[in-house]
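Here's the letter readout for the chains.
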Amino acid sequence: MKRFVMGIFTLALAGWTAQPILAEDDVPAPAYVVIVGVSNFADAQIKPRKHAETDAKALYDILVGKMNLNVDPANVKLLLGKDATKANIDKATDWLTKTAGKDDMAIFAYFGQGAPIGERAVYFGSDSTFKNRGKDAVLAVDLEAQFDKLKSQRFAAFLDLHFLGFDAGKEKTPDVNTQNLYREFIGNEEAKEELPSRVMFLANSGLKPSLDLENHGIFAQVLLDGLNGEADVEGYEPDGNITITEMVKYIRKSLPELARKFGKTNEEKSQNPVIFDFQSFDFILDYNAQAHPLAFERVEKFRKIKGLEKQMTEEGVNLLNRMPKLEAKQELRKAYQKLADGKIDSREFAQDRQRIMDGIVLPERDADRFALIVLKAARVAEETYVERKSTSYLVDQAITGMYKGLNEKIPSAIGDKLKNIQALKDVDLRKLLVDARLHLGKREDLDSNKDIDAALHGMLGKLDPHTDWIDKESYQRMLKDTQGTFTGIGVQIRKNVIRDELQVVTPIINSPAYKAKIYAGDIITKIIREVDSEGNPQPVEIIPTKGMTTDQAVKKILGNPGTKVKIMIEREGEKEPKEVEITRGRIEVESVMGYKRKADDQWDYYVDAANKIAYIRLTQFAGNSYRDLERVMREMKETSGIKGFVLDLRFNPGGLLESSVKISDLFIDDGIIVTVKPRDGKDVSYVGKSSGSYTTFPMVCLVNGMSASASEIVSACLQDHGRAIVIGSRSYGKGSVQTLHRFDTGGVIKLTNATYWRPSNRNINKRSTKGKDDEEWGVTPNAGFEVKMTNKENADLAEFLREQEIIRAPGQKAPEKPEFRDRQLETAIDYLRSQMRSPKTAKK
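Below you will find a few notes about this structure. (Residues numbered from 1 in each chain as written. Predicted model: local features only at pLDDT ≥ 70, side-chain atom pairs only at ≥ 80, totals over all residues. Heavy atoms only, no water.)

## Brief notes about the pairing of strand S15 (residues 491-496)
Logical step 1: Of the strand pairs in this sheet, S15 and strand S16 (residues 501-507) are connected by 6 bridges, and their pairing is antiparallel. Residue pairing in the sheet places lysine 495 in a bridge with leucine 502 of S16.
Logical step 2: Hairpin connection, S15 to S16: the antiparallel pair is bridged by 4 residues, and aspartate 500 has positive phi, about 60°. (Pairing = 2+ DSSP bridges. Helix = DSSP H or I, 4+ residues; strand = E, 2+ residues; numbered from the N terminus.)

## Quick word on the packing of helix H21 (residues 657-665) against helix H22 (residues 710-720)
Logical step 1: At a minimum axis distance of 9 Å, the contact between H21 and H22 shows a crossing angle of 20°. As summarised for this structure, H21 and H22 are arranged roughly parallel, according to the angle between their axes. Between H21 and H22 lies a crossing whose hand is right-handed. Of H22, the residues touching H21 (which contributes Leu657, Ser660, Ile663 and Ser664) are Ala710, Ile713, Val714, Cys717 and Leu718. (Axes fitted to C-alpha atoms, helices over the stretch in contact; angles between N-to-C directions. Parallel < 35°, antiparallel > 145°, perpendicular 65-115°, else oblique. Left-handed = near helix turned anticlockwise from the far one by under 90°. Contact = heavy atoms within 4.5 Å.)

## Concerning the pattern of salt bridges
Logical step 1: Counted according to the given criterion, the structure contains 63 salt bridges.
Logical step 2: For glutamate 574, the salt bridge identified is with arginine 571, shortest N-O distance 3.6 Å.
Logical step 3: Given a relative accessible area of 41%, glutamate 574 falls into the partly exposed group.
Logical step 4: Between arginine 762 and aspartate 720 there is a salt bridge, with the nearest N and O atoms lying 3.0 Å from each other. Linking arginine 762 in the loop between strand S33 (748-757) and helix H23 (791-805) with aspartate 720 in helix H22, this pair joins segments that are 42 residues apart in sequence.
Logical step 5: With a relative accessible area of 33%, arginine 762 lands in the partly exposed category. (Salt bridge = Lys/Arg side-chain N within 4 Å of Asp/Glu carboxyl O. Buried < 20%, exposed > 50% of the residue type's maximum accessible area, 1.4 Å probe, protein only.)

## Some points on the packing of helix H2 (residues 86-99) against helix H4 (residues 140-147)
Logical step 1: Where H2 contacts H4, the axes come no closer than 9 Å and their chain directions differ by 20°. Considering their axes alone, H2 and H4 lie roughly parallel with respect to each other. As for the relative orientation of H2 and H4, their crossing is right-handed in sense. Of the residues in H4, those touching H2 at Thr93, Asp94, Leu96 and Thr97 are Leu143, Gln146 and Phe147.
Logical step 2: Of the residues that constitute the contact of H2 with H4, the class distribution is 3 nonpolar, 3 polar and 1 charged. (Nonpolar A, V, L, I, M, F, W, Y, C, P; charged D, E, K, R; others polar.)

## Things to note about the pairing of strand S30 (residues 699-703)
Logical step 1: S30 sits mainly inside the fold: 5 of its 5 residues count as buried.
Logical step 2: Residue alternation in S30 divides its side chains into two sets, Met699, Cys701 and Val703 and Val700 and Leu702, and both sets are buried.
Logical step 3: With 4 bridges joining them, strand S27 (residues 644-648) and S30 adopt parallel strand pairing. Residue pairing in the sheet places valine 646 in a bridge with valine 700 of S30.
Logical step 4: Bridge count for S30 against strand S31 (residues 725-728) is 4 bridges, and the pairing is parallel. Looking across to S31, one finds that leucine 702 is bridged to isoleucine 727.

## Looking at the environment of aspartate 396
Logical step 1: Tracing the chain through its elements places aspartate 396 in helix H13 (residues 391-405).
Logical step 2: Given the relative accessible area of 18%, aspartate 396 is considered buried.
Logical step 3: Once the C-alpha coordinates of aspartate 396 and lysine 417 are considered, the two residues, 21 residues apart in sequence, prove to be 9.5 Å apart.
Logical step 4: Apart from the residues lying within four places of it in its own chain, the contact partners of aspartate 396 are Leu418 and Ile421.

## A look at the nonpolar core
Logical step 1: In this structure, Leu59, Phe158, Phe201, Met247 and Leu285 are the most contacted members of the largest nonpolar core, which totals 48 residues.
Logical step 2: Not counting chain neighbours up to four residues away, the residues in contact with phenylalanine 201 comprise Ala157, Phe158, Leu159, Phe219, Ile244, Met247, Val248, Ile251, Val274 and Ile275. (Core = buried A, V, L, I, M, F, W, Y, C linked by side-chain atoms within 4.5 Å.)

## Concerning the environment of arginine 597
Logical step 1: Within the secondary structure, arginine 597 is located in strand S23 (residues 596-597).
Logical step 2: Its relative accessible area of 16% is what places arginine 597 among the buried residues.
Logical step 3: Spatially, the C-alpha atom of arginine 597 lies 8.2 Å from that of isoleucine 807, the residues being 210 residues apart in sequence.
Logical step 4: Arginine 597 has contacts with Ile509, Glu590, Gln602, Trp603, Gln804, Glu805, Ile806 and Ile807, leaving out every residue within four places of it along the chain.
Logical step 5: Polar side-chain contacts of arginine 597 include one of 2.9 Å to the backbone oxygen of glutamate 805. (Polar contact = N/O pair within 3.5 Å; in protein donor to acceptor, adjacent residues only side chain to side chain.)

## Quick notes on the side chain of serine 729
Logical step 1: Among the secondary structure elements, serine 729 is positioned in the loop between S31 and strand S32 (736-742).
Logical step 2: Beyond its immediate stretch of four places on either side in the chain, serine 729 contacts Val703, Asn704, Gly705, Val779, Pro781, Val787 and Gln824.

## Topic: unusual backbone geometry
A negative phi holds for most residues other than glycine; trans holds for most peptide bonds.
Logical step 1: Positioned with a positive phi, aspartate 601 is a non-glycine residue whose angle comes to about 75°.
Logical step 2: With respect to the helices and strands, aspartate 601 occurs in the loop between S23 and strand S24 (603-604).
Logical step 3: Classification of aspartate 601 by relative accessible area gives buried; the value is 15%.
Logical step 4: For lysine 612, which is not glycine, the phi torsion reads 55° and is therefore positive.

## What about the environment of alanine 454?
Logical step 1: Tracing the chain through its elements places alanine 454 in helix H16 (residues 450-460).
Logical step 2: Residues alanine 454 and glycine 405 lie 49 residues apart in sequence; the distance between their C-alpha atoms is 7.1 Å.

Here it is as structure tokens:
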């Protein structure tokens, strides 16, 4: 694993000066840093930040500290208080992005306040004003332009600010577009041949104040503790290096713990960091002042050992210098430590090393199996993918992607062949894949088909956003969504960050959990398993949920139908915990939702019962969606009747093509529903049939920017046939079709193999255009029926719709919240009422 050293490290110890510990292939490179801290602003409308300048100065002291990273102060721009003006921040950012080279580390830290402006945001300088922030504050769009030019492949941003940290006065509080926050630090990844490692550490989402402790803000306190050595936990002992991966893990774990300890309100106790982790490789962020001198001393002793081969010397320096992630290499590191410390002699070391090396040799048959599966996948992609890609290109991507994902350097012999890979024949490609896999050896991070997962993800992951390799476990989760069924107890759970335990969001109606009277808000404190997930007897396993992730809990709760699991719950208003035994079953996931739940938890599908205006919200196009939708429509028609209908596809990301075609056919007469255009061959048109269709009442289809794929097939079909008025805002614009190709490993290749087109033969796919507003893509509301919602309204709508789904305990009330107005739905109802008053009949 290649190790990168940033900065110049010097250490005064017993009267002598030490140099950085460098592996043979390390490239010494400096770090360039911009740190901004503003506690008080010239404009009284911008709220002060208690510890901002103290936090910024403390971060500076660590990074330039001789026992830490020892960054040259000339390479740091520290802007505090009155010096942190807009002009100075802009100038410092420009310096950072122009000066930091590809192999340098770049750090940007900001402690202060921000505010939204338009669709983006600003960062306040000390001289900024709230009213004129578009002119005198640091604009996110300007930062984006700067950081898009950053050459550094190692970038970390530390941000502690509140984007509502102001008093708007008489001005209406501006709307925050959460989707655009922090985009400025990501850069245009698609434009780069080599993806950099960019990691953003945020105190929280930026939509609430960060908790202040006695001496620092909570975010700075955790960051400082981590840089001072607390984050150096990878492996069996601290190795003296604090990597970006270690810091990510440390902040994610430690900040919530500190918030629970010192927070006074539930909001403070529930503070969570937000980390955008765009890593293509790991890198050293800082040195552990306590452990690094010891590591240095050991390396120096090791260098004095005579008679070692050059390869062993290089290997030993690398392993002693930085903790490897693999178990076998950690064992090898221990052997080198014993040799350096004089606990074993060279002969004993050679025996230990040979034993370890023999254990990591991969049998050639395993490497050949790997090569055959990767080649098979490459040929499928070459034949099927919507754009032509050669097998050699795809094999190149597989090897380079796998090595980069593992943070391993490609051997020169393999690298030379990759440079001329287009000239290689199939037999040579197979040999190249075998050699690439043999070089990595037997290792736990490539066991159980993880080598195939890594290679195929590298091969396919960058072709387009919807093409990739889906490993076996992820595929099983995807099947739950697309099929609409799974086996388990039937609850949605989340982490209760205040208690650090699991909490029930809602039971799924008619599920085992629902029948066992598990309700929203219940805290699951323990999972008790007397049999395993297959029903086999086992020693009783009592698992506290404190500290568990939701994924870990799901694995313990899920199991085969008919098997039993117990959960211990605590419920508000009840003094004693309650143990509940639940027999797992097959769960039907709801995708057909109504307007609100009735007293018996079933859906009320009428938004206006007096006028018989029905409403159905479709959350996805799963295998059971058409069946359930058709049943509900039939029952409403046969009982109360339907005089107007709203089909709500907002926030629906899509699903199965077959489901979207059947649902479209349910509401139109005959005619084309959608046309699929593959790379090669004839177009395929799906055509509706008139029998069984509901065409006698006026209809509205609601869409927004999160309505995608199958949602766009349905809404475009209904619009083009004149069957429904489309109301809302422009849809997402995903006009591509993906197919799944199963492999022996249990995973699948998900490949974009075609585009789909509206009945009017107009384009839906945004990626086939420049994405401009005046271009043809997506589904646009009918003229006069565009109802744009603010970002806050969209966020409130999403939360309101989620609240409608929740099944609460009898008598339990939903949390009190400000009344929400769904202006898009109101427009739909007004339109339908007007159509009922009109003598016109619905279009068929």
